[in-house]
Structure formats: C-alpha cells, structure tokens
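# A closer look at the structure
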Amino acid sequence: MPATNIAPARQRGAGATADALSVLNSVFGLPGFRGAQEEIVRHVTDGGNCLVLMPTGGGKSLCYQLPSLLREGCGIVVSPLIALMRDQVAGLLESGVKAAVLNSTLSFEEATAVEQRLLAGDLDLLYVAPERLLTPRCLSLLGRAKIALFAIDEAHCVSQWGHDFRPEYIGLSVIAERFPNVPRIALTATADDLTRQEITDRLALAGAPRFVASFDRPNIRYEIVDKQNAQTQLKAFIQQRHSGDAGVVYCLSRAKVEETAIALAKAGIVALPYHAGLDAGRRARHQDRFLNEDGIVIVATIAFGMGIDKPDVRFVAHLDLPKSIEAYYQETGRAGRDGKPSTAWMAYGLSDIVQQRRMIDESTGAEAFKRVSIGKLDALVGLAETANCRRSRLLGYFGESPQAATCGNCDNCLSPPLVRDGKVIAQKLLSCAYRTGQRFGAMHLIDVLIGRLTERVKQFGHERLSVFGIGSELNEKQWRAAMRQLVAMGHLRADSEAFGALKLTDTARGVLKGETEILLREQTSGRDRPSRTKSRRGDLAPAPGNSGQATDANLLGVLRAWRSEVARTRGVPAYVVLHDATIEGIAASRPRTPEALRDIPGIGDKKLERYGRELIELVNGTAS
Ligand code: ADP
Ligand code: ZN
C-alpha cells in the first residue's frame, strides 16, 4: 500500500481549520462541520485534552478521526465493543483511511502484522479493546510508536454507578500517566453530572474543556399512545408509518419477544427475535441480518442495543414501559443516528405502571435504592402522561431548557390532547374504589362504575352500592385512561401484594373533598393513525425534515438493491457502503458526471473512485 496521501498538510496553527475542512470533504465527502465538531477538532489537533458530551448520532467519531488524520502519528481509539470497532474500521477502510483493530478476534500473526504497521507509521487509526491496551506488551508497543492522540469512546464505562460499567476502563488512567504529552479525548452520550465527574477524575481531565452539545434529537418524533391491543397497534404503526423500514421493538420479557416477532412475521413484516435466552449463533445471525440487510425489524429485550451503530434505524417501539427516562432516552436514541426523520413510539397502560412497581417492590435492593427507582419510574410516567411537549419534558429532565415550549415534532405538539376538569370523574372513581373495600383491580371498578351486572358484581353485592352505575358518562376506555392518570398523579396506588388492587393514598382525601384540582387528559382520536401531515403528503416517511426534493423511487430501489449486493460481496453492512442519506441524495439529483456525484454528501474521493462509474451507469440506465 502506498504511503497515505489523505492528509495533505499535517502542520498546526492557522491553516488547521482549512486542512480539517479539506480532509472532511475529501475523505468523508462531507461539506461542513456540525455543531461543536469544528471547535473540538481544532482543539484536539492543536494538542489539547477534552471531554465531549454529545447525544447518539451527534457526530462524535469525526471529533477524533479528523485530528488523527491531521496530526502526526496514529490515533488510538479505545472502544469497548468488538462489533462496533469492526464496523467503524470497515467504514474507514471504505473511505480510504488506514485503519485497523487490535482485539481478541485476531490471531497472533494478524495482531503482529498490525503491530508492525503501527511501528512503521502505516496506520492512521487503530481501534484497541481496553483489556488489550492494558497489557504490558501493548503499552510497550505504544511507547515505541508515534501516537497522534488517545480517544476513549463510551467513556461513561468508567462509571461504577452507571449501567455500562466495565472494570477494564478503570485501568485507563494509565494512559495519562504513561503518555502525558499525547492529547486525550473522552467521548460519551451519557449526560448526568456524576458520570461526567467520574470520567474527569479517572482519565485525568481536570482543567480540560468540556464540549457539551444539546441532547435534543430533533429528527426523532416522540409518540406515546394508550395501550389497548398492543400487538395490533404495533402492526398498524409499522404498516402505516414504517413499512419496509428497519426498526427495533422492545419488550420486557423473552416470551413476549418471541410472541411479538411471530405476530409481526404473520403480518408480513420481516421481524426477528433477540434475547439472552437464544443460543449465541442464532442471536448473532439475527443481529447480522439486522445490520446488513435493509428493512429488518428486531424484536428484543434490552439485551439488544448497546454497540449497535446502525445509522438508519427508522423507529424504536416500546411495548412495555422502560424503567426510567434515562433508559427511555437511551433506547429511543437508537433511532435516526443519521439525522433523518425517525419515530420513537410507545404503547403504555395502567398495567405497565403496576408491573414496573411490582418489579421494584419485589427486588432485593436496599430501601434507598427502591426509593430512587420509584422516583425514576414516576418521572417516566409523568412524561407519558403529560399533555405538553414531550421533548421539552425530556430535555428538562436532563437539565436543559429548550428555547421553545413546543417542538412541533411530538404527538402532543402535533395534535394537542384535550385537557378537562376531571374533579368529578376522579371523585367517582376514588369513591368506587373506597366503597368496594379497596380490594379490586381496574376491570371490576369499571364494571361497577358503568353499572354492569357481572357475576362478580353480583357475588359481592356491589350492585347495591351507591356508586353502582354512577359513571355511565364515560366508556370503558375513558375510565381506564382516567384511572391510569390518577395512579400517575399518585392519588391511587396499585397494590402489588393484592393482585393489583387499587387503593387510595393519603392525597386521595383532598380529591374526595374537592380541595385538589384535577385535570385529565383525553386522547384525541387521531392518535393511532398516521398524523395528518403525512396522510396529506401521501408518503409513508415521517413528515418533517425531508429535503423537499422529489426522490426518484424507481432509482432509489435500484440503488438499494445495488448496495445490498455490494455489501454482501464485500461482507460489510449496507450502510458502510453508502449511507441512506447518500443514496437518497443520488436518487434526488440524478448526477450524471463524476463532479456532480462528488457533490453528494457522503461521496468522498475514495468512494468516487470505487463506485463512481457504476453509480453513474445506474443513474443513466434507470428511467425517471
Ligand atoms: P455518534 O458516534 O455521536 O453516535 P457518529 O459519529 O456515528 O455519531 O455520527 C452519526 C452520523 O452523523 C453518521 O452517519 C455520520 O456520517 C453523520 N455525521 C457526522 N458528522 C457529520 C457532518 N459534519 N455532516 C454530515 N453528517 C455527519
Ligand atoms: Zn413537542
């Protein structure tokens, strides 16, 4: 392989930004930086340390890839996940960057070859697993090589309190000790203060600047719907809104994962299950198909996701309530890394609150831990119940104050729910629970309120109570929604030891006496259907953010098929060949010359050289 010709100038100073831009364009085919990228790249290229906090899809990789190309020597990237390293390196190689990995998947000979290339100055970027980096052999190797920088990806893995803690990460403090003059850049998408502080301490970043991007994901549309028949609702959501798209469906239990995958497959949706109970081979096959093929839906427990770098996941659906807003944000965040319109959809009902509460109550954790867990669950339920903008609520939870109170891209902003005075409804419901002895669950209370003479009602003589039939102004669905909101507000509590019996809490008294204001949200009927914007536009993709250019559907299909074929023969994920945004750019502008093709974001010099002729032929050969 000839010596690298990617970085035309490796000097620092005044020309650095111009160099950075030219490499961004020639190698990655991108016209400009996003947000703080430019500042970060300049800072690190100039030799500074820093901590970068950016949401998933924010564009963290370029923050260390570019300085590695601009500085002398090889950039060392510490990354915890082998699959992630592999895909990143495949993408870099596609763009003509000299990248390699050092991890346990290599044979001794392969690893030795990589080491030789590092020492010979023949690598721009080297991805290393943390446990590998910590070995004396590797540290000594790095001591003899010219190192451009250390990038510590997923830096929150140093946090012992976080859910992704990796003991090997603790050892990474050795980097600052052994290589004090090599810049260190730590990156994470985890927002909270405690984690930031731990990263700063462990990686010796005190005094180094923190670059904090907004955690907003404007391309994700948040939608939370009333759960009725979750599977039917999910099928309709996928078929009407995301037909043919790649997506992830999260369920709490393995059994539900299996069941849901089967139901979706029966409806003609290509859906594959993924959970810890499947044998490793099958799990890996399903993950590979999801990554490499277009339009696969993975139905999974939370075991799936970490390290999934797929940029074109168009939706994340929750059939069960996650544990916290953090978990919800992380899981939904796997949609739309490429910045294109995507949907975070969740179906949620009273039983979800009851189930999560039961899991906390029955857990063996200390009381303090249970209290924290309940607080986190309550915050998430608050998000699910809010009649206001979901995005403001979400960002507010992470300490950000959004500029506008409405985002225009969540269900509540798009079709504001009706909010009504619910004092009388609440009083009827609470008295019904009280008069029936606080021993019954939602279904029975609704029967009594509506005045249904069921066997159970007769068995307990509840038709003789004053509350029998006092609630005929609402239907069953409306009562269910009211009940859920009263639980969410904390006036009713589902007792997990009494099979979900609804009991009054201390605050219920104020409601019964009419001292507490109660506002109830009523679901507008359009909720489960595609939003108005979309049906009017007649397309199936989520509405906002589309380029406005008419995309040539015929050419798009041809390009996708071509990409799948190339990906298969090269053994890399489809998005490593070309991103969706690039394919769509080609279909929209139909470039007929290499220059025109090179102008499409995502087409750098190497991709033009490799695929240019074929792509132009496809454009010319496909009638519009
Ligand atoms: P992160 O690691 O923060 O989750 P990535 O680095 O994987 O994000 O980038 C997410 C997506 O954004 C990728 O598809 C990448 O190509 C794209 N991207 C990053 N920076 C830019 C930019 N300056 N212009 C256009 N696209 C970008
Ligand atoms: Zn909103």
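Report follows, based on the coordinates.

Calculation notes
- Residues numbered from 1 in each chain as written.
- Chains lettered and ligands numbered in written order.
- Predicted model: local features only at pLDDT ≥ 70, side-chain atom pairs only at ≥ 80, totals over all residues.
- Heavy atoms only, no water.
- Near = heavy atom within 4 Å.
- Polar contact = N/O pair within 3.5 Å; in protein donor to acceptor, adjacent residues only side chain to side chain.
- Areas by Shrake-Rupley, 256 points an atom, 1.4 Å probe, with all protein chains shown as cover.
- Helix = DSSP H or I, 4+ residues; strand = E, 2+ residues; numbered from the N terminus.
- Nonpolar A, V, L, I, M, F, W, Y, C, P; charged D, E, K, R; others polar.
- Donors = N, O, S within 2.8 Å, 3.2 Å for Na, K, Ca; no water.
- Tetrahedral: all angles 85-135°; square planar, octahedral: opposite > 155°, others 65-115°.
- Buried < 20%, exposed > 50% of the residue type's maximum accessible area, 1.4 Å probe, protein only.
- Pairing = 2+ DSSP bridges.
- Axes fitted to C-alpha atoms, helices over the stretch in contact; angles between N-to-C directions.
- Phe/Tyr/Trp six-rings, centres within 6.5 Å; stacked < 30°, edge-to-face > 60°.
- Lys NZ or Arg CZ within 6 Å of the ring centre and 35° of its normal.

On to the site of ligand 1. Ligand 1 sits among 15 residues. The nearest are Gly-57, Lys-60, Ser-61, Arg-337 and His-579. Take Gly-58: an N or O atom from its main chain is 3.4 Å from an oxygen atom of ligand 1. Residue Ser-61 places a side-chain N or O atom 2.5 Å away from an oxygen atom belonging to ligand 1. Relative to its free-state accessible area of 570 Å², ligand 1 is covered by the protein chains to the extent of 81%. Here the element with the most residues in the shell around ligand 1 is helix α3 (residues 60-70); it accounts for 3 residues. Split into classes, the residues belonging to the shell around ligand 1 amount to 4 nonpolar, 8 polar and 3 charged.

Now for the coordination of the zinc ion (ligand 2). Summarising the metal site, the zinc ion (ligand 2) is bound by the protein donors Cys-389 (SG), Cys-407 (SG), Cys-410 (SG) and Cys-413 (SG), whose distances to it range over 2.3 to 2.4 Å. Coordination at the zinc ion (ligand 2) comes from 4 donor atoms whose angles at the metal span 100 to 118 degrees, giving a geometry best classed as tetrahedral. Donor residues for the zinc ion (ligand 2), ordered by position in the chain, follow C-x17-C-x2-C-x2-C. Residue Cys-389 is located in the loop between α16 (367-385) and α17 (390-397), and its partner Cys-410 is located in the loop between α17 and α18 (411-414); the two are separated by 21 residues in the primary sequence. When sorted by exposure, Cys-389 lands in the same class as Cys-410, which is buried.

Before going further, it helps to examine the sheet that holds strand β5 (residues 147-152). Strand order in the open sheet made by the 7 strands is β3-β4-β2-β5-β6-β1-β7, with parallel pairing throughout. Pairing within the sheet leaves two strands with one partner each, and these edge strands are β3 (99-102) and β7 (210-212). Direction aside, the axes of adjacent strands within the sheet are offset by 20 degrees on average. Both strand β2 (residues 74-78) and β5 contribute to a ladder of 5 bridges, which runs parallel. For Gly-75, the partnering residue across the bridge sits in β5 and is Leu-149.

Taken as a whole, this structure holds 11 aromatic pairs when the rule is applied. For the ring pair Phe-150 and Phe-179, a centre distance of 5.2 Å and an interplane angle of 45 degrees mean the geometry is tilted. With Phe-150 in strand β5 and Phe-179 in the loop between α9 (173-178) and β6 (184-188), this residue pair connects regions lying 29 residues apart in the sequence. Here Phe-179 falls in the buried class, since its relative accessible area comes to 9%. With a centroid separation of 5.0 Å and 80 degrees between ring planes, the pair formed by Phe-440 and Phe-460 is classed as edge-to-face. Here the residue Phe-440 occupies a position in the loop between α19 (423-435) and α20 (442-450), and Phe-460 occupies one in the loop between α21 (455-459) and α22 (476-489), the gap between them amounting to 20 residues. Clustering of aromatic rings is evident, with ring pairs tying together Phe-215, Tyr-329, Tyr-397 and Phe-398. Seen from the ring of Phe-290, Lys-310 lies directly overhead, with NZ or CZ sitting 5.4 Å from the centre.

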